[in-house]
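# Observations on the model geometry
Here is how the chains run, residue by residue.
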Amino acid sequence: MNRTEIKEQSKQMLSGRWGRFALYTLLFFVLSGIFNADMRGSVRISFGNADAWRTFWTPALLWKTPIRFVCQIIFTFILYGYTQILMKTRAGLSTGAGDLFAPFTAMPQRVIGAAVIEMIIKAVYIVLLMSLSQLALFMPFLSAILSVALSLFCFILMLRLSMVPIILLENPYTTVKDAYVQSYNVMRGYTFRYFVLLLSFFGWLILGALTLGILYLWIIPYLYLSQVNFYYDIKAEQLRIQ
């Protein structure tokens, strides 16, 4: 299916359930706001700034990091729960708010493992970017080029690995390592197409911002379900090719 067909399929699956999904999304937002932690809040990237490393290694980071680590783990559980609701909707199964918390008991080790790997990838990216900021003291042009290349590489990598939650939820016997490998492989040749699908929601996201985020209660399930449908579409396409 093309992008338009995938989005239309998602709207049809949400038809008659928009109110319920608005409540799911509101709960998801509230819990995410409490537990979602972003390590970038402790890092200031400043090209050519000799104090960059001191900015990164602040004393507060020593006690904030474990707290943020735990919060990020909990947020990942909630994200997987929200994804599971969308996958059950696609399968025509009944859903409930309790599904948001199902991964806490159904697959705790694998969710934690996936969250740790993602945090490691982001941490490596930040450290490398900080290193390049030091290079800017001597070769600013080269540092800027390498930083852009690194950011582009990491962006594409995260797109390639974006199907990990769906793969882990789909198969209870898939290991975290296999899920990352499968996501990387299944997205081969489809990364740009996936990026275009996400980009097609940009206008909706702007409109949601203009409504002070209220419209996001309906946009987010539409967006996330389109991502789920995209995965199953390319998976079916690959099976047909084989």
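The following paragraphs examine the structure supplied in this document. (Residues numbered from 1 in each chain as written. Predicted model: local features only at pLDDT ≥ 70, side-chain atom pairs only at ≥ 80, totals over all residues. Heavy atoms only, no water.)

It is worth spelling out the nonpolar core at this point. Ranked by size, the top nonpolar core spans 49 residues in total, and within it Tyr80, Met163, Val164 and Phe230 carry the most contacts. If we skip the residues at most four places from it in the chain, phenylalanine 230 touches Ile6, Met163, Met187, Tyr190, Arg193, Tyr194 and Leu197. Within the second largest apolar cluster, five residues are counted, among which are Leu129, Leu135, Leu150 and Cys154. (Core = buried A, V, L, I, M, F, W, Y, C linked by side-chain atoms within 4.5 Å. Buried < 20%, exposed > 50% of the residue type's maximum accessible area, 1.4 Å probe, protein only. Contact = heavy atoms within 4.5 Å.)

Charged atoms that come close allow side chains of opposite charge to pair. Taken as a whole and judged by the stated rule, the model has six salt bridges. Two residues, glutamate 8 and lysine 11, come together in a salt bridge whose shortest N-O distance is 3.5 Å. With glutamate 8 and lysine 11 both in helix H1 (residues 3-14) and three residues apart, this pair spans about one turn of that helix. The exposure class of glutamate 8 is partly exposed, given its relative accessible area of 37%. Taking the relative accessible area as the measure of exposure, lysine 11 reaches 35% and is therefore partly exposed. Among the salt bridges present, the one from arginine 193 reaches glutamate 237, with a minimum N-O distance of 3.4 Å. Here the residue arginine 193 occupies a position in helix H10 (residues 191-199), and glutamate 237 occupies one in helix H12 (residues 216-241), the gap between them amounting to 44 residues. The network of salt bridges with shared partners includes Arg193, Asp233 and Glu237. (Salt bridge = Lys/Arg side-chain N within 4 Å of Asp/Glu carboxyl O. Helix = DSSP H or I, 4+ residues; strand = E, 2+ residues; numbered from the N terminus.)

Here serine 183 is to be found in helix H9 (residues 176-186). One polar contact links the side chain of serine 183 to the main-chain carbonyl oxygen of arginine 160, over a distance of 2.7 Å. Apart from the residues lying within four places of it in its own chain, the contact partners of serine 183 are Arg160, Leu161, Ser162, Met163, Val164 and Ile167. (Polar contact = N/O pair within 3.5 Å; in protein donor to acceptor, adjacent residues only side chain to side chain.)

Attention now goes to unusual backbone geometry. Residues other than glycine seldom take positive phi values, yet leucine 212 does so here, at roughly 60 degrees. Along the chain, the position of leucine 212 falls in the loop between helix H11 (202-210) and H12.

Running from N to C, helix H7 (residues 140-160) and H10 point in directions that differ by 90 degrees, and their axes come no closer than 10 Å. What the angle tells us is that H7 and H10 run roughly perpendicular. Residues Phe155, Ile156, Leu159 and Arg160 of H7 touch H10, and the partners they reach there are Thr191, Tyr194, Phe195 and Leu198. The residue makeup of the contact of H7 with H10, split by class, is six nonpolar, one polar and one charged. (Axes fitted to C-alpha atoms, helices over the stretch in contact; angles between N-to-C directions. Parallel < 35°, antiparallel > 145°, perpendicular 65-115°, else oblique. Nonpolar A, V, L, I, M, F, W, Y, C, P; charged D, E, K, R; others polar.)

Turning our eyes to something else, we now look at the packing of aromatic side chains. Using the criterion set out here, one finds twelve aromatic pairs in the structure. When the ring of tryptophan 18 is compared with that of tyrosine 222, the centres are 6.4 Å apart and the planes differ by 75 degrees; the resulting orientation is edge-to-face. Placement of the pair is tryptophan 18 in helix H2 (residues 18-35) and tyrosine 222 in helix H12, with a sequence separation of 204 residues. Residue class for tryptophan 18 comes out partly exposed when judged on its relative accessible area of 28%. (Phe/Tyr/Trp six-rings, centres within 6.5 Å; stacked < 30°, edge-to-face > 60°.)

As a further point, take H9. Taken as a whole, H9 has its buried residues at Val176, Ala179, Tyr180, Ser183 and Val186. Summarising the axial view, the buried residues of H9 lie within an arc of 140 degrees, below the 170-degree limit, and thus occupy one face. (Arc of directions from axis to C-beta.)

On the surface, Leu199, Phe202, Trp204, Ile206, Leu207 and Leu210 cluster together into a nonpolar patch covering about 620 Å² of accessible area. If you tally residues by element for the nonpolar patch, the top one is H11, at five residues. One can find leucine 207 in helix H11. (Patch = residues over 30% accessible without salt bridge, like charges linked within 9 Å, V, L, I, M, F, W, Y side chains within 5 Å. Areas by Shrake-Rupley, 256 points an atom, 1.4 Å probe, with all protein chains shown as cover.)

Keep in mind these values describe shape, not function.
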